[in-house]
Amino acid sequence: QVQVEESGGGLVQAGSSLRLSCAASGWTASGYALGWFRQAPGGEREFVAAINWSGESTEYGDSVKGRSIIARDAAKNMVYLEMLRLKPEDTAVYYCAASLGITPDIDEYDYWGQGTQVTVSS
């Protein structure tokens, strides 16, 4: 059974950075991709970033392109999202999810974590 679990959220000041972590297990690693999504209160869940488990391909959403780095550590079964120069509009619940291929399409992700709250103060 595929399982993912996020951690690392919290309250931070605008302009600072934050590193989120996702622990993944339960599937054939080479056949999956891990993605990050976020959802602000009352908003839609939007794509942030994704990476193949092999690490050969990455994608970033327009809202975070140039300010975020996604990486994986296969030996530790971990995926990381490092966000730089955080803005108040980055405030959201951040979710880690698994799909069968790298894609920004939320409908292609079948396994989701519970989410971790990121709050950026001005």
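Refer to the structure printed above.
Residues numbered from 1 in each chain as written. Predicted model: local features only at pLDDT ≥ 70, side-chain atom pairs only at ≥ 80, totals over all residues. Heavy atoms only, no water.

### Examining a negative patch on the surface
Taken together, the side chains of Asp105, Asp107, Glu108 and Asp110 present a region of like negative charge at the surface. Positionally, Asp107 belongs in the loop between strand 9 (92-99) and strand 10 (109-112). Looking at Asp107, the relative accessible area reads 63%, which means it is exposed. (Patch = residues over 30% accessible without salt bridge, like charges linked within 9 Å, V, L, I, M, F, W, Y side chains within 5 Å. Areas by Shrake-Rupley, 256 points an atom, 1.4 Å probe, with all protein chains shown as cover. Salt bridge = Lys/Arg side-chain N within 4 Å of Asp/Glu carboxyl O. Lys, Arg positive; Asp, Glu negative; His and termini not counted. Charge placed at Lys NZ, Arg CZ, Asp CG, Glu CD. Helix = DSSP H or I, 4+ residues; strand = E, 2+ residues; numbered from the N terminus. Buried < 20%, exposed > 50% of the residue type's maximum accessible area, 1.4 Å probe, protein only.)

### Focus on the packing of aromatic side chains
Within this structure, the stated rule accounts for five aromatic pairs. Across from the ring centre of Tyr80, 3.9 Å away, lies the NZ or CZ of Arg19, which sits over that ring. (Phe/Tyr/Trp six-rings, centres within 6.5 Å; stacked < 30°, edge-to-face > 60°. Lys NZ or Arg CZ within 6 Å of the ring centre and 35° of its normal.)

### Thoughts on the sheet that holds strand 7 (residues 68-73)
Strand order in the open sheet formed by four strands is 1-3-8-7, and the pairing between neighbours is antiparallel. Where the open sheet ends on each side, the last strands, each with one partner, are strand 1 (3-7) and strand 7. For this sheet the average axis-to-axis angle between neighbouring strands, irrespective of direction, equals 15°. Relative to strand 3 (residues 18-25), strand 1 runs antiparallel, the two sharing five bridges. Note on strand 3: the bridge partner recorded for Gln3 is Ser25. (Pairing = 2+ DSSP bridges. Axes fitted to C-alpha atoms, helices over the stretch in contact; angles between N-to-C directions.)

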